[in-house]
Amino acid sequence: MNPAEIAPSLDQLRGLHLPGGAAGAVQGEVVAAAALGFCAALLVGLVRYLRGRARASLRRAALAELAGSRDLDPESRLVAQARLLRRLARTLAGDAARETGAAWATRLDTLLATDFFTKGPGRVLADGLYRRQTPDLDGLDAELGRLIGRLRT
């Protein structure tokens, strides 16, 4: 019988060895990668939280200003609502607040995802401020509150 053919007994087997450079069950590179991934996830979460808060505060401020305009006389109330829309558009879309007429109504519809300003009673806020008319200010106010309340940019 050849010595190569003899099966070694358990006490003759060599002990298990880890790959070269591994001192423990967890390697340093793995720990560093996990820590970096965790830090990146925290940073992304923080940025999303802060952006969400900024949006919510913009929405809250716009709704508070809209509520403050309810005590004004009808003409001043309409002007205050139009100014609020201009400031809101300037905050959300920058140069969009410089538009007038039909382009302004279309921009408002785009920003607020509606057709209230081109086809609905919101036209008075887009291009009818200087006409003699008696719009339903409470209806305008309610619809503006609804549109601003669902604002998600």
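Residues numbered from 1 in each chain as written. Predicted model: local features only at pLDDT ≥ 70, side-chain atom pairs only at ≥ 80, totals over all residues. Heavy atoms only, no water.

As enumerated under the stated definition, the model contains 1 aromatic pair in all. Each ring, one from Phe116 and one from Phe117, has its centre 5.1 Å from the other, and the planes form 80°; the classification is edge-to-face. Against the face of Trp104 rests Arg86, its NZ or CZ located 3.8 Å from the ring centre. (Phe/Tyr/Trp six-rings, centres within 6.5 Å; stacked < 30°, edge-to-face > 60°. Lys NZ or Arg CZ within 6 Å of the ring centre and 35° of its normal.)

With that out of the way, let us pick up the side chain of Ser69. Its location among the elements puts Ser69 in the loop between α1 (28-68) and α2 (74-93). On the basis of relative accessibility, which here comes to 4%, the residue Ser69 falls in the buried class. At 2.7 Å, the side chain of Ser69 forms a polar contact with the backbone oxygen of Leu66. Not counting residues up to four positions away in its chain, the partners in contact with Ser69 are Arg77, Ala80 and Gln81. (Helix = DSSP H or I, 4+ residues; strand = E, 2+ residues; numbered from the N terminus. Buried < 20%, exposed > 50% of the residue type's maximum accessible area, 1.4 Å probe, protein only. Polar contact = N/O pair within 3.5 Å; in protein donor to acceptor, adjacent residues only side chain to side chain. Contact = heavy atoms within 4.5 Å.)

Turning our attention to the UniProt feature "transmembrane region" (unreviewed entry) in the chain. When the UniProt feature table is mapped onto this chain numbering, "transmembrane region" (unreviewed entry) sits at residues 30-50. A helix fraction of 100% and a strand fraction of 0% characterise residues 30-50, whose end C-alpha atoms lie 30 Å from each other. (UniProt positions renumbered as here; feature names shortened; annotations may be inferred.)

A positive phi is found at Ala113, a non-glycine position, where the angle reads about 55°. With respect to the helices, strands and loops of the structure, Ala113 is situated in the loop between α3 (101-112) and α4 (123-127).

A few words now on the nonpolar core. Among the nonpolar cores identified, the biggest contains 24 residues, and Leu85, Leu112, Phe117, Leu125 and Leu140 are the most heavily contacted of them. When contributions to this core are tallied by element, the ones reaching two or more residues are α1, α2, α3, α4 and α5 (137-149). If you tally residues by element for this core, the top one is α2, at 6 residues. (Core = buried A, V, L, I, M, F, W, Y, C linked by side-chain atoms within 4.5 Å.)

Next up on the list: a nonpolar patch on the surface. On the surface, a nonpolar cluster with roughly 500 Å² of combined accessible area is contributed by Leu43, Leu46, Val47, Tyr49 and Leu50. Take Leu46: it is sitting in helix α1. (Patch = residues over 30% accessible without salt bridge, like charges linked within 9 Å, V, L, I, M, F, W, Y side chains within 5 Å. Areas by Shrake-Rupley, 256 points an atom, 1.4 Å probe, with all protein chains shown as cover. Salt bridge = Lys/Arg side-chain N within 4 Å of Asp/Glu carboxyl O.)

Another point: α3. Its 12 residues place the ends of α3 17 Å apart at the C-alpha level, agreeing with the 16 Å of an ideal helix rising 1.5 Å per residue. What α3 keeps buried is the set Trp104, Ala105, Leu108, Asp109, Leu111 and Leu112. Buried residues of α3, viewed axially, fall in a sector of 165°; they line one side. Away from its buried face by more than 90 degrees, α3 exposes Ala102 and Thr110. Each element contacted by the buried residues of α3 is listed here: α2, α4 and α5. A positive phi of about 55° marks Ala113, the residue just after α3. (Expected span 1.5 Å × (residues − 1). Arc of directions from axis to C-beta.)

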